[in-house]
Amino acid sequence: MVARSGQALSPNARPAAFFDRDGVFNVDHGYAHKVEELEWIAGGPQAVRRLNDLGYLVILVTNQSGIGRGYYDEAAMHAVHDALRAHVGQAGGVIDAIYFAPHHEDAVVEKYRHPDPPDRKPNPGMLLRAMRDFAIDKERSFLIGDKPSDLEAARRAGVRGYLFEGGDLDAAVRGILGETLKQQAEKPPEVLHHQRSQTLLALACVLLAMPLAIMNFIGRIGLLWQLLEIALFGAAWIITRRESKRVVSSRAASKGQSSPT
Ligand SMILES: [Mg+2]
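Residues numbered from 1 in each chain as written. Predicted model: local features only at pLDDT ≥ 70, side-chain atom pairs only at ≥ 80, totals over all residues.

## Some points on the nonpolar core
Part 1 of the argument: Judged by nonpolar contacts, the single largest core of 47 residues is most densely connected at A16, F18, I59, Y99, L127 and A130.
Part 2 of the argument: If sequence neighbours within four positions are ignored, A16 has contacts with Y56, L57, I59, A130, F134, I136 and S141. (Core = buried A, V, L, I, M, F, W, Y, C linked by C-beta atoms within 7 Å. Buried ≥ 20, exposed ≤ 12 C-beta atoms within 10 Å, placed from the backbone. Contact = placed C-beta atoms within 7 Å.)

Encoded structure:
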């Protein structure tokens, strides 16, 4: 089940920061469902804003078996999520999507009873659905949770998982972003190889299109060759544009990391 706002699918894959909720954004007193009892953990709004600014999707994946167990209903959970969005919004942060897993094998509410709910962490269902709903770059994505089951869900979904043991969430995120950039920096041959390949591909398209353009200019080619010429120039333009966007995005990430606020 999903409650969403913000951006939908994008043609360009973006990294995602997946977060557990209880024990990460709010102190986990057990089955939190009353807005007035929420106790925020420091740094949550700043962490979300930082990730927004760096182009990350911010996605919550939260087990909510309290709904299946009959402790509270979905409306109560949505009220908590509204409060969380408002709290994060104080720093200008935006949560792109919230996925929740209300099912449990011992649920008293029959519609929520399931022997092994695919969405319930440590199962990766919520993350996998997010990856279908959004264009996500798994390699640059990560999850932050406070339990081993969170990290296991991340592992099963193929993203890095980090255990949050309390303190300031923004400080934890800054550390993870630093590690991510370090990992990327440790792979320059691959990156350079990719950039070289893209440049050569664009150049090849232009070189193939040029003779056609000349023949077109002197009126010696038919419609099919004209279309091929347009397609080749178009492909070169798209490849160049995509690559320049990638470079701008990685520069923005480096800038954000070098001057944390
Ligand atoms: Mg938790």
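## A few points about the confidence of the model for the protein chain
Part 1 of the argument: Summary statistics for the protein chain give a mean pLDDT of 86 and a share of 85% for residues scoring 70 or more.
Part 2 of the argument: Every residue in residues 1-9 scores below 50 in pLDDT, and together they form 15 contacts with partners more than four places removed in sequence or on other chains.
Part 3 of the argument: Below a pLDDT of 50 lies the segment residues 253-261, which in the model reaches 10 contacts outside its immediate sequence neighbourhood of four places, other chains included. (pLDDT = per-residue confidence, 0-100.)

## Structural notes on the environment of Y162
Part 1 of the argument: Take Y162: it is sitting in strand β6 (residues 160-163).
Part 2 of the argument: Sequence separation between Y162 and K147 is 15 residues; the distance between their C-alpha atoms is 9.5 Å.
Part 3 of the argument: The contact partners of Y162, leaving out residues within four places of it in the chain, are F142, I144 and I176. (Helix = DSSP H or I, 4+ residues; strand = E, 2+ residues; numbered from the N terminus.)

## A short note on helix α4 (residues 125-133)
Because the α-helix completes a turn every 3.6 residues, residues three or four places apart line up on one side.
Part 1 of the argument: Among all positions in α4, only M126, L127, A130 and M131 are buried. Taken down its axis, α4 places every buried residue within 140 degrees of arc, on the same side.
Part 2 of the argument: Structurally, α4 contributes buried residues whose contacts are with β2 (16-19), β3 (57-63), β4 (97-101) and α5 (148-157). (Arc of directions from axis to C-beta.)

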